[in-house]
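Remarks on the overall topology
Listed below, chain by chain, are the residues.
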Amino acid sequence: MIYTVTFNPALDYVMYVKDLQSNDINRTEGEQLYYGGKGINVSVILSRLGVKNKALGFLAGFSGRQIEDMLNADSIKNDFVYLKKGYTRINVKIKSDREVDINACGPEIAEEDIRSLFSKLEELKKGDCLVLAGSIPKALPDNMYEKILDSLQDKGIDFVVDATGDLLKNVLKYKPLMVKPNHHELGEIFSVEIKTLEDIERYGRRLQEMGARNVLVSRGKDGAALLDENGGIHTMGNVPGKPVSSVGCGDSMVAGFLAGYYKTGDYAYALKLGSACGNATAFSPSLATKNEIEKMLNNDKLK
């Protein structure tokens, strides 16, 4: 079983405005409501690929109930901790001749809520996998990832971490199955600019020396590269075209990689399925469907 954790989920309220004005009332041409959060996105794609998983984290208030209802409607198994105060954040996204994103900060999280999450994490057993993705909200301790991984040591659990900077570096000592920086984030860790595949290999190997078993680096328009724990390096390009959105592409790649890895144990296939999921989401207005992923996986240009 794969478990994902989303500390600060959100409802994304997307409004489409033909001509955005700053000095007048704006009226939309339509609206859409999506649930969001990096861990939740991973769970969605895993579920669409038929991989058993459960989404964990924190929800609060009527907006939290809405997310739970939407996840249940989409058959996404979940078991969130409900906070006694506050509301799960609602982010406003305005799509017009220019895009405006307004992201809320989220609710306060009490010590008893943290303890409740740790109780749920105790369910994990040997052979399970835990995905930690995204930043840590101000309501939680900065070392929250470390506390979680430390509590689960010696249980035979795989860990996957999609984070940046010190948040990523500080968990490498727990030997995660996979980490997934993009090429900019990889460069920021070592205060260098990543320009070539050779740069990715050089600094990705340094992450492995620090503890990461596998390093998956997304490269924007240049695709992705995987440095596997056996010393191999695998690359995959992108399908050409104008993306609809970049939201959730990295999360989709993480989910596809895990689905491919646990199905076959083949790192080259895991990278291909991860790339197919990321590309499919890029060309979709929301997270990719199973059919969209399968079409992308069979696309001759995904090499």
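Just so we're clear, the structure is a prediction, and the values are computed from it rather than from any experiment. (Residues numbered from 1 in each chain as written. Predicted model: local features only at pLDDT ≥ 70, side-chain atom pairs only at ≥ 80, totals over all residues. Heavy atoms only, no water.)

Observations concerning the sheet that holds strand E7 (residues 99–102)
Spatial ordering of the open sheet is given by E3-E2-E6-E7, a layout of 4 strands whose pairing is mixed. Across the chains shown, the open sheet's two edge strands, defined by having one partner strand only, are strand E3 (30–36) and E7. The mean inter-strand angle of the sheet, taken between neighbouring strand axes irrespective of direction, is 15°. Two elements, strand E2 (residues 10–16) and strand E6 (residues 89–95), share 7 bridges in a ladder whose sense is parallel. By the bridge assignment, Ala 10 is partnered in E6 with Arg 89. Strands E2, E3 and E6 of the sheet are contacted by helix H2 (residues 61–73), whose axis makes an angle of about 85° with E3. (Pairing = 2+ DSSP bridges. Helix = DSSP H or I, 4+ residues; strand = E, 2+ residues; numbered from the N terminus. Axes fitted to C-alpha atoms, helices over the stretch in contact; angles between N-to-C directions. Contact = heavy atoms within 4.5 Å.)

Description of the packing of helix H3 (residues 111–121) against helix H4 (residues 144–151)
At a closest axis distance of 11 Å, the pairing of H3 and H4 adopts a crossing angle of 35°. Between H3 and H4 the crossing geometry is right-handed. Of the residues in H4, those in contact with Ile 114, Leu 117, Phe 118 and Leu 121 of H3 are Met 144, Lys 147, Ile 148 and Ser 151. (Left-handed = near helix turned anticlockwise from the far one by under 90°.)

Looking at the sheet that holds strand E10 (residues 178–179)
Here 9 strands make up an open sheet; going across it, the order is E5-E4-E1-E8-E9-E10-E11-E12-E13 and the pairing mixed. Lying at the two open borders of the sheet, with one neighbouring strand each, are strand E5 (81–83) and strand E13 (233–236). Both strand E11 (residues 214–218) and strand E12 (residues 224–227) contribute to a ladder of 4 bridges, which runs antiparallel. Considered in E12, the bridge of Ser 218 is made with Ala 224. In this fold helix H9 (residues 267–282) packs onto E11, E12 and E13, with an angle of close to 25° to the strand it touches most, E13.

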